[in-house]
Amino acid sequence: MRFCLPVFLSASLLCGEEPDLPLPTWESDELEALESGDYVPGSSLLGKIARELMASNNDEPIELDPAVRDLREPEPVEWSRVIGDEFLSAYFYEPSQGFLNDPQKLLTTQEYRDREGFLNYHARDTDIDLYVYLFDALQEIPETESLGSVVRSQFDQEKPVAVVFYFLGMPEKSQLVFSDRVVESVNQAERDKVIRMAVEEALEKSEPSSQLESFSIQLSIRLYWLEKVVARGGGDLASRKPLILPRVRIFEAEEKGVWDRLQEKPGLFYAVVVALVIVPAAGLGFMGRWIAERKRVYVFPDAEGTPLLDAPYAAGVGGVISFSSATTPPSSQKSEVPDYLQKM
Amino acid sequence: MWHADEIFGADDVSLHKFTDAAGVLRMKEREPMRKILERFEARFPQLFVAIYLGAFEDLQSLHQFGFWMLNRAAYVDVDLERPNENGILIVVDVSAKNAGITFGYALLPYLDEDSTFSALSAGHPSFLQGNYLEAIGTVVQKIEGRLIKGWKKVKKDPESILAEGGQNPKKVGELLQRIREGNQPGGMEHSGEEEARR
């Protein structure tokens, strides 16, 4: 039955047989009031003063009550630049409870869950954990506190960690500090590039929560590549062992060229080497052979035979061609050879 | 041979290897023509190419004329080491617009009617335009290619290749004897006729 009704209705509509829908009808007393002019449709939407004016047929403009007229516009609330004292410990003195630290609850519950879920996913997937501390756009970090001091006091410096102070709505104010483990492995330029690119990505969006989303995604991507750079240099951020390569070599690894990349792929590397060596060598070989062929002297073996047709030197019957017609192909202009000149 | 002699004469004729009896080549084209022939002789020290450009009024057979010419001509500017049996003659009748190739006995293993016709066909477009220098240059180049192929084959299997052309390898002892007798090396049995070329 559940499927029969829509099918029936659809079939009826298609056939042009619309069901008879009842029109609204006036109540008898309302209809009388309407006809007598006592009832104005829509008057219930008007205010009391407007209804009275309409009933009195007075066209004079309505004078606002002075109490209403003199009401002041509410002054815009100035956001505090100061972080409440009750939040300071959660920001600066206590270890973060998760990868996303939002003690002021600047994000909605759903936004918070989304961002925290992403940071958890990032932590599972990469070696450098990312911690984000959220502040409001205009808030300022107390002079006595800093991101560096938070990282030093709250995080294990032997672990690869990235901590961000993110100002919701103003991503350009963001700060990023790495733990010593990362600082030892990655040069300053590369570290600066991480935050710069994340901020640029965030500024592409206009809505604060979208900005935070873009920021965290881009930051996660950059951190992932940072690990790759360190790995190519022979380092391993996850291990507690000191890096094998000094920073100079890491820098060199980061600046790997096409040749180094080729060496990482043996198949392609040997193909390129072979091509680079063999192709010019083959070209030179062919050129040398061509020159040699041009200067080569061809000496045929001495031979002797019986003279034919009493001819002392030649009885060889060669071809004869006619070139009297430009439209006829050469093969059609082949002159026949007299029988007596055929070789016997 | 006697039939050709009846038509063209039984006497030997003295010629240059390049003869423009028809006068179709300009002066500036003669030097490039000479270089074509010299280059060929440098690559094939036993062989030579002769060119005859004629304007015949009533030539019955260009084949017959070429056959006769290569047997009767004494080329004054060809080395003794290159007897007529090692020669290739290209005859062009500019009046009847025919071109033909005749070659000596020594080249029977390497050239035939088809290969020479193929060489002439390569020069056909230039022949049609009356550009005889270019046409002959193309024909000679094609013949060179054919000879090089023949040379490669005969190097691998001299006896069978020579036999295909009705030739036999010349024995060394016989060759020495002929040299002692004052005949040129590398030639064929008919070196006595060289004097006729002079």
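Residues numbered from 1 in each chain as written. Chains lettered and ligands numbered in written order. Predicted model: local features only at pLDDT ≥ 70, side-chain atom pairs only at ≥ 80, totals over all residues. Heavy atoms only, no water.

## Re the overall build of chain A
Defined as follows: The numbering of helices and of strands both runs from the N terminus, where a helix is a DSSP run of H or I of at least 4 residues and a strand a run of E of at least 2. To sort residues, take the accessible area from a 1.4 Å probe on protein chains only and compare it with the maximum for the residue type: under 20% means buried, over 50% means exposed, and anything in between is partly exposed. Contacts: residue pairs with any heavy atoms within 4.5 Å of one another. Note on areas: Shrake-Rupley with a 1.4 Å probe; residue coverage comes only from the protein chains shown.
If you tally the helices and strands in chain A, you get 13 helices and six strands. Looking at chain A residue by residue over its 344 residues, the buried ones come to 33%. For chain A, restricting intrachain contacts to residue pairs at least 6 apart in sequence, the fraction spanning at least 24 positions comes to 60%. Accessible area for chain A stands at about 22,800 Å²; split by element, carbon and sulfur atoms hold 57% of it.

## Section: the packing of aromatic side chains
Aromatic ring pairs are described here by two measures, namely the spacing of the ring centres and the angle between the planes. So the rule is basically this: Side-chain rings of Phe, Tyr and Trp, where Trp is taken by its six-membered ring, are said to pair if the distance between their centres is within 6.5 Å; with planes under 30 degrees apart they count as stacked, over 60 as edge-to-face, and otherwise as tilted. Remark: a charge is flagged as sitting over a ring if the NZ atom of Lys or the CZ atom of Arg is within 6 Å of the ring centre and within 35 degrees of the ring normal.
Here the structure, examined in full by the defined rule, presents 26 aromatic pairs over all chains. Their ring planes at 35 degrees and their centres at 4.9 Å tell us that Phe 40 of chain B and Phe 44 of chain B sit as a pair that is tilted. With respect to class, Phe 40 of chain B is no different from Phe 44 of chain B; both count as buried. Through a chain of ring-to-ring contacts, three or more aromatic side chains come together here, namely Tyr 91, Phe 92, Tyr 93, Tyr 133, Phe 135, Phe 165 and Phe 167 of chain A. Directly above the ring of Phe 167 of chain A sits Lys 173 of chain A, whose terminal nitrogen or CZ lies 4.3 Å from the centroid.

## Considerations on the environment of Glu 29 of chain B
All names here are of chain B. Heads up, the rule is: Polar contacts here mean pairs of N or O atoms no more than 3.5 Å apart (in protein, one a potential hydrogen donor and the other a potential acceptor; neighbouring residues in sequence count only if both atoms are side-chain atoms).
Along the chain, Glu 29 turns up in helix H2 (residues 27-43). Spatially, the C-alpha atoms of Glu 29 and Tyr 132 are 9.3 Å apart, while their sequence positions differ by 103 residues. If we ignore the near neighbours within four places in the chain, the residues touching Glu 29 are Val 24, Asn 131 and Leu 133. Of note is the side chain of Glu 29, whose polar atom sits 2.9 Å from the backbone nitrogen of Arg 26.

## Examining the packing of helix H9 (residues 188-202) of chain A against helix H10 (residues 208-232) of chain A
All names here are of chain A. As a reminder, the rule being used: Axis definition: a line fit to C-alpha positions, over the contact stretch in the case of helices; interaxial angles, taken between N-to-C directions, run 0 to 180 degrees. Note on angle classes: values under 35 degrees are labelled roughly parallel, values over 145 roughly antiparallel, values of 65 to 115 roughly perpendicular, and the remainder oblique. What makes a crossing left-handed is the near helix being turned counterclockwise from the far one by less than a right angle; a clockwise turn instead makes it right-handed.
Between H9 and H10, the least distance of the axes is 7 Å, while the angle of their chain directions is 150 degrees. By the angle class used here, H9 and H10 are roughly antiparallel. Here H9 runs over H10; the crossing is right-handed. Only Gln 211, Ser 214, Phe 215, Gln 218, Leu 219, Arg 222, Leu 223 and Leu 226 of H10 make contact with H9, whose side of the interface consists of Glu 190, Lys 193, Val 194, Ile 195, Met 197, Ala 198, Val 199, Glu 201 and Ala 202.

## Remarks on the confidence of the model for chain B
Residue and element names in this part refer to chain B. The condition that has to hold: How sure the predictor is of each residue is captured by pLDDT, a score from 0 to 100.
Here chain B averages 82 in pLDDT, while 84% of its residues score no lower than 70. Mean pLDDT values for the elements of chain B range from 39 in helix H9 (residues 194-197) up to 94 in strand E3 (residues 48-54). In this model, residues 182-198 is a region of pLDDT below 50 whose contacts with residues beyond four sequence positions or in other chains number 58 contacts. Interface confidence in the predicted complex, given as ipTM, is 0.78; pTM for the same model is 0.46.

## Brief notes about the pattern of salt bridges
Residues and elements named next belong to chain B. Short version of the rule: The term salt bridge refers to a pairing of a side-chain nitrogen on Lys or Arg with a carboxyl oxygen on Asp or Glu at a separation within 4 Å.
Throughout the structure, instances matching the rule amount to 11 salt bridges over all chains. In this structure, the salt-bridge partner of Arg 39 is Glu 144, at a minimum N-O distance of 3.1 Å. With a gap of 105 residues between them, Arg 39 in helix H2 and Glu 144 in helix H6 (residues 132-156) connect regions that are remote in the sequence. The partner of Arg 82 in a salt bridge is Asp 79, with the nearest N and O atoms 3.2 Å apart.

## Re the side chain of Ser 96 of chain A
All names here are of chain A. By the element assignment, Ser 96 lies in the loop between helix H5 (85-93) and strand E1 (100-101). Among the polar contacts listed, one links the side chain of Ser 96 to the backbone oxygen of Gly 98, at a separation of 2.5 Å. The residues contacting Ser 96, other than those within four sequence positions of it, are Asn 101, Tyr 131 and Tyr 133.

## Description of a nonpolar patch on the surface
Residues and elements named next belong to chain A. Stated formally: Grouping into patches uses exposed residues only, defined as over 30% relative accessible area, and leaves out salt-bridged ones; the cut-off is 9 Å for like charges and 5 Å for nonpolar side chains (Val, Leu, Ile, Met, Phe, Trp, Tyr).
Judged by side-chain polarity, Trp 259, Val 274, Leu 276, Val 277 and Ile 278 come together as a nonpolar surface patch covering roughly 490 Å² of accessible area. Structurally, Val 277 is set in helix H13 (residues 266-295). Overall, Val 277 belongs to the exposed group, its relative accessible area being 53%.

## Quick look at the confidence of the model for chain A
All names here are of chain A. Per-residue confidence for chain A gives a mean pLDDT of 78, with 81% of residues at or over 70. Under a pLDDT of 50 for its full length, residues 1-16 has, in the predicted model, two contacts with residues more than four places off or in other chains. Low pLDDT, under 50, characterises residues 240-253; the predicted model gives this stretch 23 contacts beyond four residues in sequence or across chains.

## Brief notes about the pairing of strand E6 (residues 98-103) of chain B
Residue and element names in this part refer to chain B. Condition: Two strands are counted as paired when DSSP detects at least two bridges linking them.
In terms of burial, E6 is a largely internal element, six of the six residues being buried. Residues Asn 98, Gly 100 and Thr 102 line one face of E6 and the alternating positions Ala 99, Ile 101 and Phe 103 line the opposite face, and both faces are buried. Here six bridges tie strand E5 (residues 87-93) to E6, and the two strands are oriented antiparallel to one another. Across the sheet, Val 92 pairs through a bridge with Ala 99, a residue of E6. Remark: four residues form the turn of the hairpin made by E5 and E6, two consecutive strands paired antiparallel; Lys 97 in that turn has positive phi of roughly 60 degrees.

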